[in-house]
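Summary of structural features
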Amino acid sequence: QVQLVESGGGSVQPGGSLRLSCTASGTDVKINYMAWYRQAPGKERELVARITSTENTNYADSMKGRFTISRNNAKNTVYLQMDSLKPEDTAVYYCFAPINGAWYWGQGTQVTVSS
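Residues numbered from 1 in each chain as written. Predicted model: local features only at pLDDT ≥ 70, side-chain atom pairs only at ≥ 80, totals over all residues. Heavy atoms only, no water.

Reading across from one edge, 1-3-8-7 is the order of the 4 strands in this open sheet, with antiparallel pairing throughout. At either end of the open sheet lies a strand with only one pairing partner, and these are strand 1 (3–7) and strand 7 (67–72). Neighbour-to-neighbour, the strand axes of this sheet turn through a mean angle of 15 degrees, independent of strand direction. For strand 1 and strand 3 (residues 18–25), the ladder comprises 5 bridges, and the chain directions are antiparallel. If you follow Val5 over to strand 3, its bridge partner there is Thr23. (Pairing = 2+ DSSP bridges. Helix = DSSP H or I, 4+ residues; strand = E, 2+ residues; numbered from the N terminus. Axes fitted to C-alpha atoms, helices over the stretch in contact; angles between N-to-C directions.)

Structure, rendered in structure tokens:
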């Protein structure tokens, strides 16, 4: 059974940093595309960043220069380094990956930015 397991969320003050991790288990296939989304209270889920197996990356405009997505293909793991965090970054962050034609989401990890 394929699962995406996230870790690394928490609470931080404005200007701080957090690093999220997401590992895909239950599969040996090469995952071409992995991404991070987030959903703030009362808002729709939005794309944060995505990365291909050849490490091409895309970011939402509000995250450019502050967030960095990376991956370890051998471990089927994707990371999200978040720096210069702002209160408006507060949300549940979800890992996403299409694997063998099915869409998989992680369980979500809470990130809270508050003084």
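That covers the picture; the talk isn't over yet.
The subject of this paragraph is the pattern of salt bridges. Within this structure, the stated rule accounts for 4 salt bridges. Each of Arg38, Glu46, Arg66 and Asp89 takes part in one network of salt bridges that share partners. (Salt bridge = Lys/Arg side-chain N within 4 Å of Asp/Glu carboxyl O.)

Attention shifts here to unusual backbone geometry. Even without a glycine there, the phi angle at Asn76 is positive, about 50 degrees. If you check the backbone angles, Ser84 has positive phi at about 50 degrees while not being a glycine. In this structure, Ser84 sits in the loop between strand 8 (77–82) and strand 9 (91–99). Here Ser84 falls in the partly exposed class, since its relative accessible area comes to 42%. (Buried < 20%, exposed > 50% of the residue type's maximum accessible area, 1.4 Å probe, protein only.)

The next thing to look at is the nonpolar core. Trp36, Val48, Phe67, Val78, Leu80, Met82 and Tyr93 are the most contacted members of the largest nonpolar core, which totals 29 residues. Looking at this core, the elements with two or more residues in it are strand 3, strand 4 (33–39), strand 5 (46–52), strand 7, strand 8, strand 9 and strand 11 (109–113). Looking at this core, the element that brings in the most residues is strand 9, giving 5 residues. The residues contacting Met82, other than those within four sequence positions of it, are Gly16, Ser17, Leu18, Leu20, Arg66, Phe67, Tyr93 and Val111. (Core = buried A, V, L, I, M, F, W, Y, C linked by side-chain atoms within 4.5 Å. Contact = heavy atoms within 4.5 Å.)

Attention now moves to the state of the cysteines. Tallying each qualifying case throughout the model produces 1 disulfide. The partner cysteine of Cys22 in its disulfide is Cys95, sulfur to sulfur 2.1 Å. Handedness here is read from the sign of the S-S torsion; for Cys22 and Cys95, about -80 degrees, the answer is left-handed. In this pair, Cys22 is assigned in strand 3 and Cys95 in strand 9, connecting sequence segments 73 residues apart. Residues Cys22 and Cys95 agree in their burial class; the two are buried. (Disulfide = S-S within 2.5 Å.)

As a further point, take the pairing of strand 8. Among the 6 residues of strand 8, 5 are classified as buried, and the element is accordingly described as predominantly covered. Here 6 bridges tie strand 3 to strand 8, and the two strands are oriented antiparallel to one another. Counterpart to Cys22 in the pairing with strand 8 is Val78. Bridge count between strand 7 and strand 8: 6 bridges; the pairing is antiparallel.

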